[in-house]
Amino acid sequence: MKLSDLSESSLRDRLAGEGLTLRIAPVAARIRSEVPAVAEGLRLHYADYELLDGEAFCDFHIRISPPANLRRWFRRQVRFLHDGISPFEPMPWEHAFPVFEWGLNWCMANHFHQYLMIHAAVIERADGRAAILAAPPGSGKSTLCAGLVARGWRLLSDELALIDPRALTLTPIPRPISLKNESIEVIRRFAPAAVLGSVSHDTHKGAVAHIKPPRESVRRAAEKARAAWIVFPRYQAGAPAEPKPFLKARTVLRLAENAFNYAAFGETGFRALVGLADACGCYEFSYGDLGEAVRVFDALPAGER
Amino acid sequence: MAADRYRLVDPDRWVLSPQWTDESLAYDRASADTHVLSPIARDIIEALRSAERASSAQELVQALAANVEDHDPAALHAAVEAMLLEFVRLGLAERTNP
Amino acid sequence: MKEDLVSAALAEPGMLAQCSLERWDRLIRQGRAARLLGRLAVLLEQAQLLASVPEAPRRHLVAMRLLADQQRIAARREVLLIREAIGRTGVPVILLKGAAYTMAELPVAEGRAFGDIDILVPRVALADVESALMLAGWASIHRDPYDQRYYRQWMHEIPPMQHLRRGTVIDVHHALVPPTARIAADSDAMRSACIPLEGLPGLFVLAPADMVLHSATHLFMEGEFDAGLRDLADLDGLLRHFGRDPAFWTRLGRRAREVGLLRPLFYALRYARESLHTPIPAALMREAEAGAPSAALRPLMDFCFRRALRPKHHTCANAWTSAARWLLYVRGHWLRMPLHLLAVHLARKAFKREESTSSAPEAALRR
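Treat the numbers as computed from the prediction; the structure is a model and nothing was measured.

Any chance you could explain the overall build of chain C here in plain terms?
Secondary structure summary: chain C contains 17 helices and 7 strands in total. Put simply, chain C has 367 residues, and 43% of those count as buried. Looking at chain C alone, contacts between residues at least 24 apart form 66% of all its contacts between residues at least 6 apart.

Set out below in structure tokens:
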């Protein structure tokens, strides 16, 4: 049974009551919230996700609710709670859905210790080759990711690459793609068919909106992928879309910089990143036009080392 | 300097990446630091690691000369000596009596 | 429903064979709150039961075990770097708690979640040690003058120091037990009995009986129980390991009397046996009775400790649990400071904000 099989009122009631459990691969997440924006956001973005009725074991126990103080009624706020713990400060009521998404990111980043975790988008071309787009926030990585996904690439993740340190495979965690500020308009124009949720204004990141992940990407969440390219993207107005080969040694260091737990893995982490860089085409990539960027990616050579 | 012999302080400490063009990497198990190696640094570490006993600068130059085309012998020798001094300074290698 | 599943599982890992997924859900959550999932993973593996744990909870156990292993390797490296930094001063360093368990390669270090590194140095050398650490890149965390004074005067340590580049934290103690404690202990005797670590001149750990007594004192005579069950599990691990030598138990009783720590030993043995089924010889239990609180006080202490030593999770707590914790917190400070200062300190703590969590989700992510 999918989330979309629930009626709107049913969804709201369950969320506000005993909660509902979703398979957000590869985890089972139990979610409770009396905040309408969360129900709306889930209904739109997680429509294709499997409902786990009566699931006895949940990996995450999530609540999004107003704090137990005056901010319950005055300049209303919401808090993200994972099993009773609030990892960050309360946020405005209107931003409840982005809060849910950020909180879920936090849960994942604090959960998958058996994987090397890198701040990166991961997408897979139709020919079964995946690209890791590693970059700090604000580089245009999510916009590029959204553009490629809109043109048929499979979405594995827009935020967090999960790398098996020995097998070097990539584990998918497909979720709504988050866009900020100008990218929202860029994607609206580039992919009018993409399903965009409502825009939250004045968050600490500016204006934020999410794109519903393609049904196919959600359906294939159990299929791991192999990386063929490691790309460091950077949006630059007016720049021609050009992949520039990047030295493998520098690629390892740069990936390490973008990783959450490289240091924790010690030697295993070093060998993993070296193995990845060795097996992949490594590039720096500036782009100014999204269409051009997608064409370049579609034409990236397979099997280059 | 010419008569000095060198060896790695602790050969097991280093995990090396493949030799890619231009640069490679060395991971230091003791400090968890990752170092970038130029081709000549890489060649010297590998030569020191595989040598049965401590090597002199001249022996290293000979080992490297096999890999380097069209080199200027004096320049190569100077580069090797400079690199050895740097390794000693960083605590990666030590001078030893044969 | 309000069962402490973590203690039950640690005491008898075999009981997990019949565990429903619903109970696993509560166990994993309680275990995470108690920071004992790594230890549970190790015990299950040793009992060859890990492979038969259902996949969903098993992933959590494996992940936390891996994290614990990573932390242990990092802690080892950190201890060596600390030794390098302080080595120049020639000051002998006694490692305490987790750092000691790791460097002495005790089984209790496996799967154990690590935090700060605790070291003990002579009080007279404190200034030198602090300078040496600062030179090597550590800086004091608490800049609030009240906290600074509180640490230096009433705690037996200087405020924690954090390494500017690595972010690791070191707690430098100068006394084994709080100097103003109402329970006077002969910590000099314990310090002089310390054992050098092989191949690492300058580093020491406490002798086995002293290690147990120090752990017991830290748990039962101070007021912090956030890691209560974890500390009790440490005691259980130490007792089981050292207790393989029958002579250890006799030594432990005698030492506790020698150094004046019979009271914490009484509590340690009582609750370790009750919650974690630590096998303790009857003779020692009888001996430790001499350290028991008065008959009038005993039910109250049982009430408090039994609740405070549970995982800090709502599925195994009730209204009494917070009362119990608060009572023990006050008692912990009463043991440490004069009454007229206690009220001031407690009042201040009540109004002070918690250590800040990040305001931006991304920063929380990066930690």
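Can you help me understand the overall build of chain B in this one?
Scanning chain B from terminus to terminus reveals 3 helices and 6 strands. Secondary structure of chain B in N-to-C order comes out as β-β-β-β-α-β-α-α-β. Relative to its full complement of 98 residues, chain B shows a buried share of 23%. Of the contacts made within chain B by residues no fewer than 6 positions apart, 46% connect residues no fewer than 24 positions apart.

Can you help me understand the confidence of the model for chain B in this one?
The predicted structure's coordinates, where accompanied by low pLDDT, should not be read in detail. For chain B, per-residue confidence averages 84 on the pLDDT scale, and residues scoring 70 or more make up 95% of the total. Confidence scores differ between elements of chain B, with helix α2 (residues 57-65) of chain B showing the lowest mean pLDDT of 85 and strand β3 (residues 24-28) of chain B the highest of 91.

Teacher, can you tell me more about the interface of chain C and chain A here?
The extent of an interface is frequently quoted as the accessible surface area lost upon association of the parts. Facing 24 residues of chain C, the contacting portion of chain A comprises 23 residues. Residue assignment for the side of chain C that touches chain A shows that the elements contributing at least two residues are α2 (21-34), α4 (55-87) and α17 (361-366) of chain C. Take the side of chain C that touches chain A: its biggest share by element is 9 residues, from α4 of chain C. Grouping the amino acids of the side of chain C that touches chain A by side-chain chemistry returns 14 nonpolar, 6 polar and 4 charged.

Even after reading the chapter, I still don't get the sheet that holds strand β1 (residues 5-8) of chain B, so can you show me in this structure?
Hydrogen bonds along the backbone pair up the strands of a sheet, which may run parallel or antiparallel. All names here are of chain B. The strand order β5-β1-β6 describes an open sheet built from 3 strands, whose pairing is antiparallel. On the outer flanks of this sheet lie β5 (55-56) and β6 (93-96), each paired with one strand and no other. Each of β1, β5 and β6 is contacted by helix α1 (residues 39-50), which is oriented at about 90° to β1, the strand it contacts most.

Help me understand the environment of Leu37 of chain B in this model?
Residue and element names in this part refer to chain B. For Leu37, the location among the structural elements is in strand β4 (residues 33-37). Along the chain, Leu37 and Glu86 lie 49 residues apart, while their C-alpha atoms are 12 Å from each other. For Leu37, the contacting residues outside a window of four places in its chain are Glu23, Ser24, Leu25, Ala26, Arg42 and Ile45.

Just checking my understanding: could you explain the sheet that holds strand β3 (residues 138-140) of chain C for this structure?
Residue and element names in this part refer to chain C. The strand order across the open sheet built from 7 strands is β3-β4-β5-β2-β1-β7-β6, with neighbouring strands paired in mixed fashion. One side of each edge strand has no neighbouring strand; the edge strands of this open sheet are β3 and β6 (195-196). With 3 bridges joining them, β3 and strand β4 (residues 161-163) adopt antiparallel strand pairing. Looking at β4, one finds that Ser140 is bridged to Met161. Sheet strands touched by α4: β1 (93-96), β2 (117-120), β5 (169-173) and β7 (203-205). Its angle to β2, the strand with the most contacts, is close to 35°.

What is the right way to read the pairing of β1 of chain B from this model?
The side chains of a regular strand alternate between the sheet's two faces. Residues and elements named next belong to chain B. With 2 bridges connecting them, β1 and β5 associate as antiparallel partners. Its bridge partner being in β5, Arg5 is matched across the sheet by Ser56. Of the strand pairs in this sheet, β1 and β6 are connected by 4 bridges, and their pairing is antiparallel. If you follow Arg7 over to β6, its bridge partner there is Glu94.

How should the nonpolar core be read in this particular structure?
Counting residues in hydrophobic clusters, the biggest one holds 214 residues, and the most contacted among them are Ile123 and Ile230 of chain A together with Leu95 and Ile119 of chain C. By residue number, the principal contributor to this core is helix α3 (residues 96-109) of chain A, which donates 10 residues. Two domains each donate at least three residues to this core, and these are domain 1 (3-109) and domain 2 (116-298) of chain A. For Leu95 of chain C, the residues in contact, after removing those within four places along its chain, are Val79, Ala100, Met103, Ile119, Leu203, Phe204 and Val205 of chain C.

Could you clarify how one ought to interpret unusual backbone geometry in this entry?
With the exception of glycine, the majority of residues adopt a negative phi angle, and the majority of peptide bonds are in the trans configuration. In the segment running from Ala25 of chain A into Pro26 of chain A, the intervening peptide bond is cis, with an omega of 5°. With respect to the secondary-structure elements, Pro26 of chain A resides in the loop between β1 (20-24) and β2 (27-33). Residues other than glycine seldom take positive phi values, yet Arg35 of chain C does so here, at roughly 60°. With respect to the helices and strands, Arg35 of chain C occurs in the loop between α2 and α3 (37-46).

Help me understand α1 of chain B, please; the structure alone is not making it clear to me.
Residues that lie three or four places apart on an α-helix share one face, since the helix turns once every 3.6 residues. With 12 residues, α1 of chain B ought to run about 16 Å at 1.5 Å a step, and its terminal C-alpha atoms sit 17 Å apart, in line with that. Turning to α1 of chain B, its buried residues number three or more, namely Asp43, Ile44, Ile45 and Leu48 of chain B.

When you look at the confidence of the model for chain C in this model, what are you seeing that I'm missing?
Chain-level statistics for chain C give a pLDDT mean of 87 and a share of 87% at 70 or above. In the predicted complex, the global pTM is 0.86; the interface-specific ipTM is 0.88.

How do you make sense of the environment of Leu49 of chain C when you look at a structure like this?
By secondary structure assignment, the location of Leu49 of chain C is in the loop between α3 and α4. Beyond its immediate sequence surroundings of up to four residues, Leu49 of chain C is in contact with Pro13, Leu16, Ala17 and Leu44 of chain C.

What is the right way to read the packing of helix α1 (residues 8-16) of chain A against helix α2 (residues 36-45) of chain A from this model?
Each packed pair of helices is defined by two parameters, the angle between the axes and the distance between the axes. Residue and element names in this part refer to chain A. It is at 10 Å that the axes of α1 and α2 come closest, and there the two elements cross at 125°. For the element pair α1 / α2, the angle class is oblique. In this structure, α1 meets α2 at a crossing whose hand is right-handed. Residue-level contacts link Glu8, Leu11, Arg12 and Leu15 of α1 to Val38, Ala39 and Arg43 of α2.

How should I be thinking about the packing of α1 of chain B against α2 of chain B in this particular structure?
Residue and element names in this part refer to chain B. Interhelical geometry of α1 versus α2 gives an angle of 115° and a closest axis separation of 10 Å. Classified by the angle their axes make, α1 and α2 are roughly perpendicular. With respect to the hand of their crossing, α1 and α2 are arranged in right-handed fashion. Across from Ile40, Asp43, Ile44 and Ala47 in α1, the residues of α2 making contact are Leu60, Ala63 and Leu64. When grouped by side-chain class, the residues that make up the contact of α1 with α2 number 6 nonpolar, no polar and 1 charged.

Looking at this structure, I do not really get the pairing of β3 of chain B. What am I missing?
Residue and element names in this part refer to chain B. With 4 of 5 residues buried, β3 is to be regarded as a mostly interior element. Strand direction decides the pairing type here: strand β2 (residues 14-16) and β3, joined by 3 bridges, are antiparallel. Residue pairing in the sheet places Val15 in a bridge with Tyr27 of β3. As judged from the 5 bridges shared by β3 and β4, these two strands associate in the antiparallel manner. Residue pairing in the sheet places Ser24 in a bridge with Leu37 of β4. In this structure, the hairpin formed by β3 and β4 is closed by a connection of 4 residues, where Ala32 is found at a positive phi of approximately 65°.

Calculation rules
Residues numbered from 1 in each chain as written. Chains lettered and ligands numbered in written order. Predicted model: local features only at pLDDT ≥ 70, side-chain atom pairs only at ≥ 80, totals over all residues. Helix = DSSP H or I, 4+ residues; strand = E, 2+ residues; numbered from the N terminus. Buried ≥ 20, exposed ≤ 12 C-beta atoms within 10 Å, placed from the backbone. Contact = placed C-beta atoms within 7 Å. pLDDT = per-residue confidence, 0-100. Nonpolar A, V, L, I, M, F, W, Y, C, P; charged D, E, K, R; others polar. Pairing = 2+ DSSP bridges. Axes fitted to C-alpha atoms, helices over the stretch in contact; angles between N-to-C directions. Core = buried A, V, L, I, M, F, W, Y, C linked by C-beta atoms within 7 Å. Domains from an automatic or database assignment. Expected span 1.5 Å × (residues − 1). Parallel < 35°, antiparallel > 145°, perpendicular 65-115°, else oblique. Left-handed = near helix turned anticlockwise from the far one by under 90°.

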